[in-house]
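Each chain is listed here by its residues.
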Amino acid sequence: MTKKLLFFLTFCFSIALAKEPVRPECIAPAQPGGGFDLTCKLAQAVLVNEKFLSKPMRVTYMPGGVGVVAYNSMINSKAKDSNIIVAFSSGTLLNIATGKHGKYNENDVRWLSSAGIDYSAVAVRNDSPYQSLENLLNTLKKNPQAISFGAAGSVGGQDWMVTALLAKNANIDIRKTRYVAFEGGGDVMISLLGGHVDAAIGNIGEFLPYLESGNIRILALFADERLKIQSEKAQAIPTAKELGFDVIWGSVRGYYMAPKVSDEQYNWWLEAFEKAQQTETFKEQRQQRGLQEFNKNGKELEEFVKTQTQQFRSLAKEFNLIK
């Protein structure tokens, strides 16, 4: 018996021991249209299409504090609900690091699986006068109030941190700039396209549909290299690093579960995701959403989460966000 066949049989046996969720649900802890939404819809597409779930998976929206309300809900009122997975990102971990989740921290939920890495980017409308990142930053240097930035989350959140790192790299005082906070990426895009803000900081996964439709222009990607996905428009986006601004920010997207779900039910989801990540459907869905490969599950993901959250605490201290 080959190792591959043995693995498959072991997987099938172990997954059969646990009962499939009765009402599978993915909570996107923001308004529709943002990064949490695309994370849930990736799981929905893969787990249903690949027959891991025999029932439809619904996506529900629970905005509030950019994930805080959903986090609190899973710890308290839904602590044993094994039907639910919740989308998270590195922005969630940054919020935990800066104390926005109150008395709760990274040890209070069960980290399940990753979906991929979603790199940050800066975008403007297609009719914007700002044709390049250098052009935009030069305008800010002359007048920090000249350009308004729209982003998901308040001061200290992930998008604000990217803006702060870029401003610092360009010798601009972030405290003098106009930063407009929204609940989620969907609201940011509505505001940008409506002309209410001049530029947006967000993730490439959120921006990609608007880039493909020609509604926006992406000035720079905060990654160590250009995107390797099928979209020619996305491949053409320069990195901030190659433009002379050494800022890299990749947001891990994934899923967590309530703290008191049984090991049996947790392992059902865990093994389903581990197997799903190896399918062509998962890889295609990930690429369609502009995500780069990043597969960590269970204990390995938990260790990553705790390490990154601690790194964020150090970064937050550097910007005087926590004492």
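To start, this report covers the structure provided alongside it. (Residues numbered from 1 in each chain as written. Predicted model: local features only at pLDDT ≥ 70, side-chain atom pairs only at ≥ 80, totals over all residues. Heavy atoms only, no water.)

The subject of this paragraph is the pattern of salt bridges. All chains considered together, the criterion is met by 16 salt bridges. Where arginine 313 meets glutamate 106, a salt bridge forms, and the shortest distance between an N and an O atom there is 2.8 Å. Residue arginine 313 is found in helix H12 (residues 298-318), and its partner glutamate 106 is found in the loop between helix H4 (90-97) and strand E4 (110-125); the two are separated by 207 residues along the sequence. Taking relative accessible area as the criterion, arginine 313 reaches 19% and is therefore assigned buried. Close ionic contact of lysine 283 with glutamate 280 constitutes a salt bridge, the shortest N to O distance being 3.8 Å. Placement of the pair is lysine 283 and glutamate 280 together in helix H11 (residues 280-288), with a separation of 3 residues, close to one helical turn. Salt bridges sharing partners connect three or more residues here, namely Asp118, Glu206 and Arg253. (Salt bridge = Lys/Arg side-chain N within 4 Å of Asp/Glu carboxyl O. Helix = DSSP H or I, 4+ residues; strand = E, 2+ residues; numbered from the N terminus. Buried < 20%, exposed > 50% of the residue type's maximum accessible area, 1.4 Å probe, protein only.)

This paragraph deals with the packing of aromatic side chains. Scanning the entire structure with this criterion turns up 9 aromatic pairs. Members of the aromatic cluster, each reached through a chain of ring pairs, are Tyr71, Phe88, Trp111 and Tyr256. Geometry around tyrosine 266 places arginine 110 over its ring, the cationic atom sitting 4.2 Å from the centre. (Phe/Tyr/Trp six-rings, centres within 6.5 Å; stacked < 30°, edge-to-face > 60°. Lys NZ or Arg CZ within 6 Å of the ring centre and 35° of its normal.)

Another aspect to go through is the nonpolar core. Ile85 and Leu136 are the most contacted members of the largest nonpolar core, which totals 108 residues. Looking at this core element by element, the count peaks at 9 residues for E4. Apart from the residues lying within four places of it in its own chain, the contact partners of leucine 136 are Val124, Tyr130, Ile147, Phe149, Ala199 and Leu219. (Core = buried A, V, L, I, M, F, W, Y, C linked by side-chain atoms within 4.5 Å. Contact = heavy atoms within 4.5 Å.)

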